[in-house]
Structures are given as C-alpha cells and as structure tokens.
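Spelled out from the first residue to the last, the chains are:
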Amino acid sequence: MTKPALSLLLAAPRGFCAGVERAILIVERALEKWGPPVYVRHEIVHNRYVVESLRAKGAVFVDELDQVPDDAPVIFSAHGVPKSVPAEAERRKLVYVDATCPLVSKVHREAERHFHREDRHLLLIGHAGHPEVEGTMGQVPAGAVTLIETVADAETVTPPAADGLAYVTQTTLSVDDTAQIIAVLKRRFPDIHGPKQEDICYATTNRQQAVKAAAAKADALLVIGSPNSSNSNRLVEVARQAGCQKALLVDRAADIDWGWLEGVQVLALSAGASAPENLVREMTDALAARFTLTIEPVETAIENVEFKLPRLLVA
C-alpha cells in the first residue's frame, strides 16, 4: 500500500535552550560528583522525558526542602526559587546548587533593584502558579509585587500609587501578548519603568518566530513538549494566532492520535525549549513510517548561547 505524501516543515531554532542544557548538565555533574541520590527541588525543567531520564540516573525530585535529608545535596530548578529557599538551605547547612537560568536570575536582579534601590511597586507580567513567577515574586517582600496575567488585568489593575511603578516579565511568555500588556501599562502609567532589555528570553523569542514562519505555510502544526511547559504552550498559541488553527502539543510520538493528521498535506513541527532533540527525531521517524516524507527546514535564527556551570561543579 502506498503511503500518503506529507511535507514536513521543521522549525528552527527549536528544542533545548542554553538554560535548559545547563540545568540538566548540573544534575548530571552533581550525580557524578556526589553519587545518587541527588535531590532536586521541583522538576529541573518542565519535560516529562527529561525528568524521568534523570530520575533513572538517581535524581530524586521533591516539592520542598523539608523532603531533603540533611546529608544530601540538593539542586534548585532552572525556573528559579524565592529567596527563602536558599536561606533555608543555608540554615540547615545543606550542600546546594542553584540551576536557575541566568536569564531568570537577571529578572530577579531587576525586581530587587526596582524595589530596594528605587522604592517602586512591581508589576510582574506572568502566569499565576508557575515556578518562575513564584521565584520572582519571592525576591521582594509580600505585597511589593502585583501579578498581571492578561490585557484585562493591565486595564484594571490598581497599584498602591500611579507613580513609582516598574514592570518585569516571566521569560517564557508570548512575545506579542506581552507587548500588548506592556502597551496598556505604559498608556495607563506613563512613568512606569521597565527593563533595559526585554525579559522574554532569546530562546522563547526565537522559537516563536520560527513557529510563526512555519505555521504560515502549514495545514497543521505539532509542538513537542510537556503540558506544564510554559514556553511549549505558547508555541501552540502563537501558531494559532499566525493562522494555523490545527495546532497541538504532545509529549512525544507515542502520544499522537494519528487520525488527527487525516487530510494534512503540510505539517509544521517544533519543540519547546525543554524538549530534547531526540524526541524530534523520534517524531520524524514515526511520521516517516506512515507517510512519504519530504522535510524542509524553516530556520529564522542561529543560536550560539552558552552558560557556564556553577563553580562547585567545575572540576
């Protein structure tokens, strides 16, 4: 039986960013240095495959520090943590390694500067409950920050005063949606201070641009990523906003309902910043088994960012 033809537009950049690569390497180096078990507070990155792979090597993922024994090393996830977490680790004299992405740490420093040096109330653009948001809010005292999730929030927020305001953002948001929120805040509060460089990270921006370019030519789009991955979910939203309404997030090839691809002639494929490239290869192999596949790259940027490991893990 002849396989149907399928044109696959492979978005690039896609998959792992420098912050994710660094965080995973931190866990692997810690396991080499201290041996298992090494404890990790929260998922090191939001990807089920990555977490399960590290768990198989001896990583133990916990919700809070009180689940970490006194004699065990602990790693903080790439999303960042409130100040209270390293303070508690130091109080208990735990050996800990902070795997917070340096670009998230940049947002933390901005939040501290606005509050401590400039005495400004902080408006944080982000998603409630996300670990990165909780970590950023935890850099300043309770009540010093107000969370803004939507344009409607920006239109109705009533900060303590109309002046003396600053904003920062989560690093994994939709670039376009965030620009709309910032525009509203600047209209309502003309003197609001913002970051010198936008907080949405290079990897989020690049992956969204690549998805826009691919989605414009595709009948459907698949994003490889886990359901709790903010940047992966944003890629699906960006594809739909770019006109590709048939867009889906899947953890890996085994999770696809192949009937979903019925009638699709041009498929775009990307991966969130926490999804490894081997899951992309797995997906292309699965597609090649069912279709006569023609692959066309859609590349919109080249990335060469690298982040150094913490000194504690450098031999």
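Every value quoted in this text rests on a predicted model; they were computed, and no experiment measured them.

Caption draft 1: Structural detail: empty space enclosed by the protein. In this structure the tally under the stated criterion is two cavities of 30 Å³ or more. Its volume calculated, the largest cavity comes out at about 270 Å³. Lining the largest cavity are 25 residues, with Cys17, Val20, His79, Thr172 and Asn231 positioned closest to its centre. Looking at the lining of the largest cavity, the elements with two or more residues in it are α1 (18-34), α4 (102-117), α8 (202-215) and α9 (230-241). Taken together, the residues that form the lining of the largest cavity break down as 13 nonpolar, eleven polar and one charged. Put simply, the second largest cavity is a space of about 30 Å³. In terms of lining residues, the second largest cavity is bounded by Ala203, Thr204, Arg207, Gln208, Asn231 and Leu235. When residues of the lining of the second largest cavity are traced back to their parent elements, those giving at least two are α8 and α9. Top element by residues in the lining of the second largest cavity is α8. It accounts for four residues.

Caption draft 2: Structural detail: the environment of glutamate 237. Here glutamate 237 is to be found in helix α9. Along the primary structure glutamate 237 and aspartate 177 are separated by 60 residues, whereas in three dimensions their C-alpha atoms are 10 Å apart. Reaching out from glutamate 237, the side chain makes a polar contact with the side chain of arginine 234 at a distance of 2.9 Å.

Caption draft 3: The arrangement of the packing of aromatic side chains in detail. Tallied over the full model, the rule gives one aromatic pair. Relative to tyrosine 96, the ring of phenylalanine 76 has its centre 5.1 Å away and its plane inclined at 25 degrees; by these criteria the two rings are stacked. In this pair, phenylalanine 76 is assigned in strand β4 (residues 74-76) and tyrosine 96 in strand β5 (residues 96-98), connecting sequence segments 20 residues apart.

Caption draft 4: Main features of a nonpolar patch on the surface. There is a patch of nonpolar side chains on the surface, built from Trp34, Val95 and Leu312 and spanning about 240 Å² of accessible area. When you line up the elements, valine 95 lands in the loop between α3 (84-91) and β5. Given a relative accessible area of 40%, valine 95 falls into the partly exposed group.

Caption draft 5: Representation of the sheet that holds strand β12 (residues 292-299). The strand order across the open sheet formed by five strands is β10-β9-β11-β1-β12, and the pairing between neighbours is parallel. The sheet is open, and its two borders are formed by β10 (247-250) and β12, each paired with just one other strand. The average angle at which neighbouring strand axes cross in this sheet is 25 degrees, direction not considered. With four bridges connecting them, strand β9 (residues 220-224) and β10 associate as parallel partners. Within β10, the residue paired with leucine 221 across the bridge is alanine 247. The sheet strands contacting α8 are β1 (5-12), β9, β11 (266-271) and β12, and the helix crosses β1 at an angle near 155 degrees. Against the sheet, helix α10 (residues 277-290) engages β1, β9, β10, β11 and β12, with an angle of about 160 degrees to β11.

Caption draft 6: Structural context of the sheet that holds strand β2 (residues 38-41). In spatial order, the strands read β3-β2-β4-β5; together these four strands make up an open sheet with parallel pairing. Across the chains shown, the open sheet's two edge strands, defined by having one partner strand only, are β3 (59-62) and β5. Put simply, the sheet's adjacent strands are angled 25 degrees from each other on average, direction ignored. Bridge count between β2 and β3: four bridges; the pairing is parallel. Following the sheet pairing, valine 40 is matched in β3 by phenylalanine 61.

Caption draft 7: Molecular detail of the packing of α1 against helix α2 (residues 48-57). Packing of α1 against α2 brings their axes to within 11 Å, and their N-to-C directions diverge by 5 degrees. Between α1 and α2, the angle falls in the class roughly parallel. Between α1 and α2, the residues in contact are Ile24, Val27, Glu28 and Leu31 and Val50, Leu54 and Lys57, respectively. Tallied by class, residues from the contact of α1 with α2 come to five nonpolar, no polar and two charged.

Each value, and the rule that gives it
- Residues numbered from 1 in each chain as written.
- Predicted model: local features only at pLDDT ≥ 70, side-chain atom pairs only at ≥ 80, totals over all residues.
- Heavy atoms only, no water.
- 1 Å grid on protein atoms, 1.4 Å probe; cavity = no way out; pocket = protein on both sides within 12 Å on 5 of 7 lines; lining within 4 Å.
- Points joined across faces, edges and corners; volume = space filled by probe spheres on them.
- Helix = DSSP H or I, 4+ residues; strand = E, 2+ residues; numbered from the N terminus.
- Nonpolar A, V, L, I, M, F, W, Y, C, P; charged D, E, K, R; others polar.
- Polar contact = N/O pair within 3.5 Å; in protein donor to acceptor, adjacent residues only side chain to side chain.
- Phe/Tyr/Trp six-rings, centres within 6.5 Å; stacked < 30°, edge-to-face > 60°.
- Patch = residues over 30% accessible without salt bridge, like charges linked within 9 Å, V, L, I, M, F, W, Y side chains within 5 Å.
- Areas by Shrake-Rupley, 256 points an atom, 1.4 Å probe, with all protein chains shown as cover.
- Salt bridge = Lys/Arg side-chain N within 4 Å of Asp/Glu carboxyl O.
- Buried < 20%, exposed > 50% of the residue type's maximum accessible area, 1.4 Å probe, protein only.
- Pairing = 2+ DSSP bridges.
- Axes fitted to C-alpha atoms, helices over the stretch in contact; angles between N-to-C directions.
- Contact = heavy atoms within 4.5 Å.
- Parallel < 35°, antiparallel > 145°, perpendicular 65-115°, else oblique.

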